[in-house]
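# Observations on the model geometry
Given next are the chains, with one letter for each unit.
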Amino acid sequence: MSDRETVEFLATVTLLEGLGEADLAALARVTRRRTVEAGQLLWRQGDDAREMLIIVNGTLSASLDTPGERALVVASLGPGETVGEIALLDGAGHTVNVRATEAATVLAFGRLDFAALLAGQDQATLDLKRRLALLLAGRLRTQLRHLAAALGGEIV
């Protein structure tokens, strides 16, 4: 994936909508492209957060550890989606286990680059923060539905 292709891909990521060409190019320069194999564990719930991932292709699953050494899958994530941002925001460990359910290509960027992305006060950065809040609220609602279903209930 060339730098230009990376910028073009980043422009399609919902979370990054509204960022200008220069911001996307700067982000593209600090991302690291990685290929992960099907079944590969990217991190465990509670691990220290070092990076956030944007999925280019393939599928990742997010799961929660539950009593009895069970893992409850709470999300299936595909191209254009992100994972790992919660732990980068609050500085605590990752909230879920993340595993590749099929071979995938991801773009990774670290904690400092994520903080720099959110540091601006311009309208595009404020819009990014709003989209991030909406993404996280939606993810919380989905995870609560999965948890309720696993416990035999339903969240309305």
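Notes on the structure in this doc start here. (Residues numbered from 1 in each chain as written. Predicted model: local features only at pLDDT ≥ 70, side-chain atom pairs only at ≥ 80, totals over all residues. Heavy atoms only, no water.)

Moving on, we come to the environment of Val 56. Mapped onto the secondary structure, Val 56 falls in strand β3 (residues 51–57). Separated by 50 residues in the primary sequence, Val 56 and Thr 6 have C-alpha atoms spaced 9.4 Å apart. Excluding residues within four positions of it along the chain, Val 56 makes contact with Met 1, Phe 9, Pro 79, Thr 105, Val 106 and Leu 107. (Helix = DSSP H or I, 4+ residues; strand = E, 2+ residues; numbered from the N terminus. Contact = heavy atoms within 4.5 Å.)

As a further point, take the side chain of Glu 51. Position of Glu 51 among the secondary structure elements: in strand β3. Classification of Glu 51 by relative accessible area gives buried; the value is 12%. For Glu 51, the side chain forms a polar contact with the side chain of Arg 32, separated by 3.0 Å. A polar atom in the side chain of Glu 51 sits 2.4 Å from the side chain of Arg 34. (Buried < 20%, exposed > 50% of the residue type's maximum accessible area, 1.4 Å probe, protein only. Polar contact = N/O pair within 3.5 Å; in protein donor to acceptor, adjacent residues only side chain to side chain.)

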